Amino acid sequence: MQTPLSAAIERLPKLVNDNEALLRRGRYLTTDIMIEIGAQPYYISIDRGRISALQRGPIVMRSWSFAVRGSEDAWRKFWEPYPPPHFHDIFALAKQGAFCIDGDYQPLITNLLYFKELLAAPRALQAKVQ
Amino acid sequence: MAAKFDPIVGRYVHVTLRGREHRIYFEEAGQGIPLLCLHTAGADGRQFRYMMTDAAITDHYRVIAFDMPWHGKSTPPDGWQDEEYRLTTGAYMDAIRTFSDALGLERPVVLGCSIGGRIVLSLAISRAKEFRALIGLEAAAYQTPWYDREWLNRPDVHGGEVCAGLVSGLIAPQSPDAARWETLWQYMQGGPGIFKGDLYFYRVDSDLRGEIGKIDTRVCPLFLLTGEYDFSCTPADTEATAKAVSGVEMTVMKELGHFPMSENPAQFRRYILPILDKIRGTTE
């Protein structure tokens, strides 16, 4: 069985904040980002690597540094424990047009390993459920 | 307890490339048919350490990998601090052939990955008679550029971290953690702008689509192997090349990405051993 996407994203703060190595990797990062799953936006506030808030949107006039958007199907495949080829990495998805990453790339690129691990963190839930 | 040594030995050789002195580092192990291995962009010869410690290979092959100029432990040429490194097809071909001559290699097998795979195609096009067989990993005559390379070398972004972060997605999710992170470690150690300079060759200087029809696999056998998780050189990219060359053998490797020999050596040997056995059987 699969964890619903909404449940997966709502577990993100705990998955990240319980991961000491990931927190260390993001220790100089403070920013807000947006994740869109299908038509549903989520706003994630990051304070020195720790997720300090996750809010379900839409929230009118909310700003963010960059956004990662994809269909429900793309996120579902991305969060499988072993995603299929070309659904296993945010840039693989972006290259094939299944993800759109827009906004200011500076915080993403300067913390690329951190963000790749953060965005893929719900894979751990699927591994436990299955 | 006796110390455990790898059977790999490393040395430096001094060569002149395009009028400039270079001190090139290389490692080797094994005896038999020379097997010259070419690493990926922005990395170095350590990627082949598993092949060099696999007796099924080294019992029959002398496995050799050099760090390309500006890479790994090869010393950058005098004056490097005032220039931008950019790899070109001509310079890459010269480096391979000069190194091979310096070591006195006689009709080696050349195995190259990524940019190494691309240059293997150039060798097949124009120098086939000099080689016993050619193996391209993650190789294609052309790949569509898909990202902004400017991020790879600028003072406000840590070059090692961004190079590793970028290529981390090219590794298959099944690859074991230790091998994955060792592969990334090598990317974290590249000199500033070197990965980007290699990609100049890859993205700008080496579109071979108009030339691969000249490859004659009867003169020199050509094998192409691409990991199913490689989204930089995709299996479809390699397939387009394979279709244009008569007699090429192409394999899509399951549960592997862009760095098969270093990201998951146990999985890779399932694919490469039969090919090395075949080359040995038909050319010895």
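The structure we're discussing is the one just above.
Note that this is a predicted model, so its numbers are computed, not measured. (Residues numbered from 1 in each chain as written. Chains lettered and ligands numbered in written order. Predicted model: local features only at pLDDT ≥ 70, side-chain atom pairs only at ≥ 80, totals over all residues.)

S.K.: Residues and numbers for the overall build of chain A, please.
M.R.: Helices and strands together make up the secondary structure of chain A, namely 8 helices and 5 strands. Here the C-alpha atoms of chain A give a radius of gyration of 14 Å, agreeing with the 14 Å that 2.2 N^0.38 yields for 130 residues. Taken along the three principal axes of its C-alpha coordinates, chain A extends 35 × 30 × 25 Å. Excluding contacts between residues fewer than 6 apart, the proportion of contacts in chain A whose partners are at least 24 apart in sequence is 64%. (Helix = DSSP H or I, 4+ residues; strand = E, 2+ residues; numbered from the N terminus. Rg over C-alpha atoms; globule rule 2.2 N^0.38 Å. Contact = placed C-beta atoms within 7 Å.)

S.K.: Quick one: what's the story with the interface of chain A and chain B, residue by residue and with numbers?
M.R.: Residue-level contacts link 14 residues of chain A with 16 residues of chain B. The set of elements that each furnish at least two residues to the side of chain A that touches chain B consists of α5 (90-95), α6 (105-110) and α7 (112-120) of chain A. Residues belonging to the side of chain A that touches chain B are distributed by class as follows: 8 nonpolar, 3 polar and 3 charged. (Nonpolar A, V, L, I, M, F, W, Y, C, P; charged D, E, K, R; others polar.)

S.K.: Can you lay out the sheet that holds strand β1 (residues 31-37) of chain A for me, pointing to particular residues and giving the numbers?
M.R.: All names here are of chain A. Strands sit in the order β3-β2-β1-β4-β5 across an open sheet of 5 strands; the sheet is mixed. Strand pairing shows two members of the sheet lacking a second neighbour, β3 (50-56) and β5 (99-103), which therefore form its edges. Looking at each pair of strands side by side, their axes are set apart by 20 degrees on average, direction ignored. (Pairing = 2+ DSSP bridges. Axes fitted to C-alpha atoms, helices over the stretch in contact; angles between N-to-C directions.)

S.K.: So what's going on with the environment of S206 of chain B? Residues and values would help.
M.R.: All names here are of chain B. In this structure, S206 sits in the loop between α7 (194-205) and β7 (222-227). Here the alpha-carbon distance between S206 and S246, two residues 40 residues apart in the chain, equals 21 Å. Filtering out sequence-adjacent residues up to four positions away, S206 remains in contact with T89, R118 and F201.

S.K.: Which residues make up the nonpolar core, and what are the values?
M.R.: Soluble globular proteins: nonpolar side chains tend toward being buried together. C37, V63 and L134 of chain B are the most contacted members of the largest nonpolar core, which totals 112 residues. Of all the elements, helix α4 (residues 115-126) of chain B adds the most residues to this core, at 6 residues. (Core = buried A, V, L, I, M, F, W, Y, C linked by C-beta atoms within 7 Å. Buried ≥ 20, exposed ≤ 12 C-beta atoms within 10 Å, placed from the backbone.)

S.K.: Account for the packing of α7 of chain A against helix α5 (residues 159-168) of chain B, with residues named and values stated.
M.R.: Their axes nearest at 8 Å, the elements α7 of chain A and α5 of chain B cross at an angle of 30 degrees. By the angle between their directions, the pair α7 of chain A and α5 of chain B is classed as roughly parallel. For the pair α7 of chain A and α5 of chain B, contact is made by L112, L113 and K116 of chain A and by E161, V162, A164, G165, L166 and S168 of chain B, respectively. Class assignment of the residues belonging to the contact of α7 of chain A with α5 of chain B gives a composition of 5 nonpolar, 2 polar and 2 charged. (Parallel < 35°, antiparallel > 145°, perpendicular 65-115°, else oblique.)

S.K.: Tell me what's going on with the sheet that holds strand β1 (residues 9-17) of chain B, and back it up with residues and numbers.
M.R.: Residues and elements named next belong to chain B. Taken in spatial order, the 8 strands make up an open sheet running β1-β2-β4-β3-β5-β6-β7-β8, and their pairing is mixed. In the strand order of this sheet, the two ends are held by β1 and β8 (249-253), each with one partner. Shown here is a sheet whose adjacent strand axes are inclined to one another by a mean of 20 degrees, direction ignored. Two elements, β7 and β8, share 5 bridges in a ladder whose sense is parallel. Within β8, the position partnered with G227 by the bridge is M253. Relative to β7, helix α8 (residues 235-243) is tilted by about 165 degrees, and along the sheet it contacts β7 and β8.

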